[in-house]
Amino acid sequence: QPYVTNQQPTLPELFEGKMSMQKGVAELAAKQAADPSKVKSSGTEDKAWADIQTKTFLKWTNSKLETVGATIKDLEKDFDTGVNLIKLLEVCSGKSMGKYNKNPSMKPHCLENLTNAIKFAEKDGLTFVNIGPGDIYDGNAKLILGLLWTIIYNYQVLVNLKAAAANQPKGAPKVNAKDLLLEWVNSVLPAWAKPVTNFSSDWNSGRVLCALCNAVGGKPELVPNAEQMKPEDGVANNTEGVSKARDFLNIPRLLDGEDLANPNVDDKSVMMYVSYFKDAKRVGDKPAAAAERKPSRVFTPQEEPKPAASPKKEEKKALPPPWERDRNTWRAYKGEDLGGRCKIRVYYSTTTHDQKIRSNFKALQDLLERENVHKRPDFEYWIPIDVDMTKELRDKIFAKAGTRITPMLFIDDEYVGDFAKVMELNESGELHELLKY
């Protein structure tokens, strides 16, 4: 089981000279990571929590490694040679470890890399308790997650808290980093979104995340209807917030809408994600293309060559809006003509008793309405697939989609996907581009 800590080091301990920030945090976080009492017990709810933490820590790790052209797929297996751990520590610290075995083929070589990585981290002020090179090589999931949390807490969560701690009045009650981050969140949120008292259940509805996007992003608001969002639409609301944070605030998508809406969401994962907002700046009024997004901190070790700059692409001439195009000539179509050229259509079922399908349609409807798609001239109102429709046409729709699962989105008479696919496209920013067709 991954570990979880219930306490954070107090800021007076970190900033009043009793211990250095990195060493103090590392000692306390590492000790808590090794404490069995801080590990959640087994069960269905804890599995959901553990899965979210593992997935989020993996995404955070890759958000750092990708700046030096590396990625991993499995936290338990992909640190075994020590190479990826060294790269991660170099990126986070902004320092080079120097020479190491970049292609270890035998266990002794891997253990040597791992030993040097731990020494490198300790030299930078981190402390790891009850974890050694052999634990990492053997893929001990709990201890590896403990190691990662120590790295994350030092280099991500605490990175902007030193100045905030300095502003704490003398004689004020002791406050830890978690409380300080909560205090900052509440200081920027509008009254309707407060108070926020935790990094778990208070974020399930998605309203707080969208309000935070608006507070950090400034005017015009990134999610104009945040206050009117319905708490029961947590998945769609959080999906919207995560997408806006990525597109306009350059915050990596470490959590999905489903994760944040989960009642058992891992509070450490949410805390890590929210810490990005502390120093985020708006990057424009249009979603940033994936190739234009830059990580907040990029480090390239001296021995690694810098990648060559990509040649600039020639700008394409803008097409007229879809509803002004000649639908018969502007592009070649594939498959059956369903009469939906230069149109946006959503097919749904009115007779299904499946509550999940009904909920998915409502979430998709809310998403498209937030994007004002329903006001466009090329949008055809929600089309019931089981009312006033011939069996022949219905079968053609199912055949072209390759599925009978509703709701289903068609753009320009081409099948885009079902609810899950559309949400995935929205999170990646691709839906915004597809809607331009």
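For the structure itself, consult the block above.
Fair warning: this is a prediction, and the values are worked out from it, not measured in the lab.

Digging into the nonpolar core
Counting 76 residues, the largest nonpolar core has Trp 60, Phe 79, Leu 85, Ile 151, Trp 203, Tyr 273 and Phe 277 as the members making the most contacts within it. When residues of this core are assigned to their parent elements, the largest contribution, eleven residues, is made by helix H7 (residues 141-157). Beyond its immediate sequence surroundings of up to four residues, Trp 203 is in contact with Val 185, Val 196, Asn 198, Val 208, Leu 209, Leu 212, Asn 238, Leu 260, Val 270 and Val 274. Counting residues in hydrophobic clusters, the runner-up holds 23 residues, among them Leu 364, Val 416, Val 422 and Tyr 437.

A short note on unusual backbone geometry
Along the chain, Lys 219 connects to Pro 220 via a cis peptide bond; the corresponding omega equals -10°. Residue Pro 407 is reached from Thr 406 by a cis peptide bond, and omega for that bond is 0°. Among the structural elements, Pro 407 can be located in the loop between helix H15 (391-401) and strand S3 (408-411). Unusually for a residue other than glycine, Asn 250 sits at a positive phi of about 60°. Within the secondary structure, Asn 250 is located in the loop between helix H11 (234-249) and helix H12 (257-261).

With respect to the sheet that holds strand S2 (residues 383-384)
Reading across from one edge, S2-S1-S3-S4 is the order of the four strands in this open sheet, with mixed pairing throughout. Looking at the sheet topology across the chains shown, the edges are occupied by S2 and strand S4 (414-418). Pairing analysis gives four bridges linking strand S1 (residues 344-348) to S3, with the strands arranged antiparallel. From the neighbouring strand, Arg 345 faces S3, where its bridge partner is Phe 410. Running at roughly 85° to S3, H15 makes contact with S1, S3 and S4 of the sheet.

Criteria and cut-off values
Residues numbered from 1 in each chain as written. Predicted model: local features only at pLDDT ≥ 70, side-chain atom pairs only at ≥ 80, totals over all residues. Heavy atoms only, no water. Core = buried A, V, L, I, M, F, W, Y, C linked by side-chain atoms within 4.5 Å. Buried < 20%, exposed > 50% of the residue type's maximum accessible area, 1.4 Å probe, protein only. Helix = DSSP H or I, 4+ residues; strand = E, 2+ residues; numbered from the N terminus. Contact = heavy atoms within 4.5 Å. Pairing = 2+ DSSP bridges. Axes fitted to C-alpha atoms, helices over the stretch in contact; angles between N-to-C directions.

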